[in-house]
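Structural description and commentary
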Amino acid sequence: MRISFSNATAAGAAARILEQYGFSARQTGREVVTDCPTLLAAPAIERSIGLELVERIDLSGGGHAAKS
C-alpha cells in the first residue's frame, strides 16, 4: 500500500509509527510504502498524526516495502 501525505514530516512520522507496529515502511519524500493492512494503518495514522494529513491511499501501489 502506498500512502501520500501533505508533507514529508507527516510521512516520516507515519513510517515510524507503522514500523513500531511491526510492519515495514519505506518513506520517499511525501510517500510511504508499507505492508501494513489498510484496516490497521488508517486507525494507527489517525490516532498519531491525524487523517487530515493523508492526501491519497493507493491500495495497489507498493506491495511489500523494504525495511529502512
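Thresholds applied
- Residues numbered from 1 in each chain as written.
- Predicted model: local features only at pLDDT ≥ 70, side-chain atom pairs only at ≥ 80, totals over all residues.
- Heavy atoms only, no water.
- Salt bridge = Lys/Arg side-chain N within 4 Å of Asp/Glu carboxyl O.
- Helix = DSSP H or I, 4+ residues; strand = E, 2+ residues; numbered from the N terminus.
- Buried < 20%, exposed > 50% of the residue type's maximum accessible area, 1.4 Å probe, protein only.
- Pairing = 2+ DSSP bridges.
- Axes fitted to C-alpha atoms, helices over the stretch in contact; angles between N-to-C directions.

Some thoughts on the pattern of salt bridges
Evaluation of the coordinates by the stated rule reveals 2 salt bridges. Between Arg 2 and Glu 31 there is a salt bridge, with its nearest N and O atoms 3.2 Å apart. Separated by 29 residues along the polypeptide, Arg 2 in strand β1 (residues 2–5) and Glu 31 in strand β3 (residues 31–34) bring together distant segments of the chain. A residue is classified by how much of its surface remains accessible, and Glu 31, at 30% relative accessible area, is partly exposed.

Describing the sheet that holds β3
Taken in spatial order, the 4 strands make up an open sheet running β2-β3-β1-β4, and their pairing is antiparallel. Of all the strands in the sheet, just β2 (25–28) and β4 (54–58) have a single pairing partner and so form its edges. Across this sheet, the average inter-strand angle for adjacent strands is 20°, counted without regard to direction. Two strands pair when backbone bridges link them, and β2 and β3 are joined in this way by 4 bridges, in the antiparallel orientation. Its bridge partner being in β3, Arg 26 is matched across the sheet by Val 33.

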